[in-house]
Amino acid sequence: AQTVTQSQPEMSVQEAETVTLSCTYDTSENNYYLFWYKQPPSRQMILVIRQEAYKQQNATENRFSVNFQKAAKSFSLKISDSQLGDTAMYFCASKGGSEKLVFGKGMKLTVNP
Amino acid sequence: KAGVTQTPRYLIKTRGQQVTLSCSPISGHRSVSWYQQTPGQGLQFLFEYFSETQRNKGNFPGRFSGRQFSNSRSEMNVSTLELGDSALYLCASSPTGTGDYGYTFGSGTRLTVV
């Protein structure tokens, strides 16, 4: 069974700073995908970034990048130049093969002006 | 391109009643998954449908059921509602359900059981 662990329940950062959100996972699948989702107070889950496990290159999307350590089963999200609009719950998720998409408990990020 | 549409957005039901929630996926998406989100339990997987077949099922009692129609629209039903069923119910769609294209979520249905 897949598991996803987010050990930090809450973080805060100053606007324009860089913050890293940690995530570890466990899966028996050889081919799997990892995701970071953002859920602002509007409650819409928004896909931030996606990583394919068989690709060694870390995914990047503008100010968002990941540090994917396959052997350590670690998948952290780095947000550069934090903006007030980044304030949200962030969820790490894993999907392997025909298995369900599994989410971590989430982490509340607050960006302060 | 229209996103994932969930209806209704808000619902208040009385304990013991039943409820049906609807999810219309993005056009062309054949996989639809349902999640229950609560502050205490986080996001819990309910079930996934692909081309009208249930592919995965979470650990929920039989009161929770779902189905998918030939146009990929999906419904979930909860019978004999309990207070603990109060939650945000999220639906997500994907072209294939394998993760290669990611999942797009709807805005959810907020169910309150009184």
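You'll find the structure just up there.
For every chain, the first residue of its written sequence is number 1, and the numbers climb from 1 along that sequence. The lettering of chains begins at A and the numbering of ligands begins at 1, in the order of writing. Per-residue local features are limited, in this predicted model, to residues with pLDDT of at least 70; the limit for side-chain atom pairs, both in listing and counting, is 80 or more; totals at the level of whole chains, interfaces and linings are taken over all residues. Computation of side-chain values covers all heavy atoms of the structure but excludes hydrogens and water.

### A word on the overall build of chain B
Let me state the cut-off plainly: Under the scheme used here, helices are H or I runs from DSSP no shorter than 4 residues and strands are E runs no shorter than 2 residues, and both carry numbers assigned from the N terminus. The criterion used for residue contact is that any of the two residues' heavy atoms lie within 4.5 Å. Computed with the Shrake-Rupley method and a 1.4 Å probe, the accessible areas treat only the protein chains shown as cover for residues. The charge count treats Lys and Arg as positive and Asp and Glu as negative. His and the chain ends do not count. Charge coordinates come from a single atom per side chain, which is NZ of Lys, CZ of Arg, CG of Asp or CD of Glu.
Scanning chain B from N- to C-terminus turns up 0 helices and 11 strands. When the helices and strands of chain B are read in sequence order from the N terminus, they spell out β-β-β-β-β-β-β-β-β-β-β. Across its three principal directions, the C-alpha atoms of chain B cover 40 × 25 × 25 Å. A separation of at least 24 residues holds for 54% of the contacts in chain B among residues at least 6 apart in sequence. Looking at chain B as shown, the accessible area adds up to about 5100 Å², and 47% of this sits on carbon and sulfur atoms. The distance from the centre of the 11 positive side-chain charges to the centre of the 6 negative ones in chain B is 5 Å.

### Observations regarding the interface of chain A and chain B
Heads up, the rule is: Here's the idea: put two parts together, see how much 1.4 Å probe accessible area each one loses, and the total over both is what we call buried area. For this analysis, a polar contact is any N or O atom pair within 3.5 Å, provided that within protein one partner can donate a hydrogen and the other can accept it, and provided that sequence-adjacent residues contribute only side-chain to side-chain pairs.
Contacts between the two partners involve 18 residues from chain A and, on the opposite side, 23 residues from chain B. Across the chain A to chain B interface the summed buried area is about 1800 Å²; carbon plus sulfur atoms make up 50%. If you look at where chain A meets chain B, you find 8 residue pairs in polar contact (both at pLDDT 80 or more). Of all the secondary structure elements, the ones that give two or more residues to the side of chain A that touches chain B are strand E5 (32–39) and strand E10 (88–96) of chain A.

### Comments concerning unusual backbone geometry
Residues and elements named next belong to chain B. What counts is decided by this rule: Relative accessibility decides the category of a residue: with a 1.4 Å probe and only protein chains considered, values under 20% of the type maximum give buried, values over 50% give exposed, and everything between is partly exposed.
Of note, the bond from Thr7 into Pro8 is cis; its omega dihedral lies within 30 degrees of zero at -10°. Looking at where Pro8 falls in the secondary structure, it is placed in the loop between strand E1 (5–7) and strand E2 (10–13). Positive phi values are uncommon outside glycine, yet Ser51 reaches one of about 45°. Looking at where Ser51 falls in the secondary structure, it is placed in the loop between strand E5 (42–50) and strand E6 (53–57). By relative accessible area, which is 31% here, Ser51 ends up partly exposed. Of note in this structure, Ser72 is not a glycine but carries a positive phi near 75°. For Ser72, a relative accessible area of 11% translates into the label buried.

### Regarding the state of the cysteines
The criterion, for reference: Disulfides are defined as cysteine sulfur pairs within 2.5 Å.
Scanning the entire structure with this criterion turns up 2 disulfides over all chains. Here Cys23 of chain A engages in a disulfide with Cys92 of chain A; their sulfurs sit 2.0 Å apart. Handedness here is read from the sign of the S-S torsion; for Cys23 of chain A and Cys92 of chain A, about -70°, the answer is left-handed. Placement of Cys23 of chain A in the loop between strand E3 (19–21) and strand E4 (24–26) and of Cys92 of chain A in strand E10 is noted, with a sequence separation of 69 residues between them. Its relative accessible area of 2% is what places Cys23 of chain A among the buried residues. For Cys92 of chain A, a relative accessible area of 1% puts it in the buried group. At a sulfur-sulfur separation of 1.7 Å, the disulfide partner of Cys23 of chain B is Cys91 of chain B. Handedness here is read from the sign of the S-S torsion; for Cys23 of chain B and Cys91 of chain B, about -45°, the answer is left-handed. Of this pair, Cys23 of chain B sits in strand E3 (residues 19–24) while Cys91 of chain B sits in strand E9 (residues 87–94); the two residues are 68 residues apart in sequence, bridging distant segments of the chain.

Purely geometric numbers; function is a separate question.
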